[in-house]
Structure formats: structure tokens, C-alpha cells
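If you want the building blocks of each chain, they are given just below.
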Amino acid sequence: MLFLSNIGQVRVNSISPGWIDTDFIEYTRADAVQQPVHRVGNPMDIVNMVLFLCSEKAGFITGENICIDGGMTKQMIYHGDCGWRLDMSLDMKSKNRIGRKMYEKEY
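As the structure is a computational prediction, the values presented were derived from the model and not from experiment. (Residues numbered from 1 in each chain as written. Predicted model: local features only at pLDDT ≥ 70, side-chain atom pairs only at ≥ 80, totals over all residues. Heavy atoms only, no water.)

Peer 1: Hey, could you run me through the overall build of the protein in this one?
Peer 2: Counting secondary structure elements, the protein contains four helices and four strands. Helices and strands in the protein line up, N terminus first, as α-β-α-α-β-α-β-β. Sorting the 107 residues of the protein into buried and exposed places 23% on the buried side. In the protein, the share of contacts with a sequence separation of at least 24, taken over all contacts with a separation of at least 6, comes to 51%. Surface summary for the protein: the accessible area is close to 8100 Å², and the carbon and sulfur share equals 57%. (Helix = DSSP H or I, 4+ residues; strand = E, 2+ residues; numbered from the N terminus. Buried < 20%, exposed > 50% of the residue type's maximum accessible area, 1.4 Å probe, protein only. Contact = heavy atoms within 4.5 Å. Areas by Shrake-Rupley, 256 points an atom, 1.4 Å probe, with all protein chains shown as cover.)

Peer 1: Would you mind showing me how to read unusual backbone geometry here?
Peer 2: Residues other than glycine predominantly adopt negative phi, and peptide bonds predominantly adopt the trans conformation. Even without being glycine, Phe24 reaches a positive phi, approximately 55°. Mapped onto the fold, Phe24 is located in the loop between strand 1 (14–17) and helix 2 (29–33). Given the relative accessible area of 55%, Phe24 is considered exposed. Of note in this structure, His38 is not a glycine but carries a positive phi near 65°.

Peer 1: I tried to follow the side chain of Asp69 on my own but got confused; where do I start?
Peer 2: Relative to the assigned elements, Asp69 resides in the loop between strand 2 (65–68) and helix 4 (72–75). Of note is the side chain of Asp69, whose polar atom sits 3.0 Å from the backbone nitrogen of Gly71. If we skip the residues at most four places from it in the chain, Asp69 touches Gly18 and Gln35. (Polar contact = N/O pair within 3.5 Å; in protein donor to acceptor, adjacent residues only side chain to side chain.)

Peer 1: Looking at this structure, how should I read the environment of Tyr27?
Peer 2: Of note, Tyr27 is situated in the loop between strand 1 and helix 2. Tyr27 sits 13 residues away from Val40 along the chain, and the two C-alpha atoms are 6.8 Å apart. Beyond its immediate sequence surroundings of up to four residues, Tyr27 is in contact with Trp19, Asp21, Ala32 and Val40.

Peer 1: Explanation requested: the nonpolar core in the structure shown.
Peer 2: For soluble globular proteins, nonpolar side chains are generally found buried alongside one another. Counting residues in each nonpolar core, the largest one holds five residues, listed as Ile46, Leu53, Ala58, Ile66 and Ile68. When residues of this core are traced back to their parent elements, those giving at least two are helix 3 (43–54) and strand 2. (Core = buried A, V, L, I, M, F, W, Y, C linked by side-chain atoms within 4.5 Å.)

As C-alpha cells, then:
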């Protein structure tokens, strides 16, 4: 009966955070640039989603897992993985595409 009495009142969602820097260090070079949003996450990125999910603005969202990782899950490759390296020699002022993916093995 308790379940039936809470229909429409209880929402269950989860958050899957990516690399979240709790020391608030400003990462540069490959650590930051490899991120599609060009920075490492911070705790406020998670807090803001929690506050949104707890608000009435998210009243129609339930049963969801929200990935907050700056797009790294979609990219699925990190600097140094499987011989991949980020070429930092390209224009570092361009926000459209920084660096390029090199799939050559580093020997």
C-alpha cells in the first residue's frame, strides 16, 4: 500500500560522474584538452544537476542515469590509451577542434 500511495510523488534518478577534481586544480595540456568540454569537472557540476533533479523543473524526469563527464563517455579514449596520443602542436587558441587524434603507437 505504501508503494501505491507514493505513485507520482517519488522519482528515482542517478548521476554517474566522470573525472571530478575535488581539489580544484586547474588542469592543462592533455589532461584538460582531451576532454570534449576542454576542462576537468568540478563538484559544482554535480551539485547543479542534483539541485535541478530535486526541483519541480525536473518533475517529469524519472528512472534516468545522468552521466556528467564532459563528454568523455562518448569519446571513449584517453591520452595514452592504446598508443593514442593528443597532438598538441596544432592551434591551441581554436575552440572548434584542439589537437588531433593520432592512432600511431608511441615507441
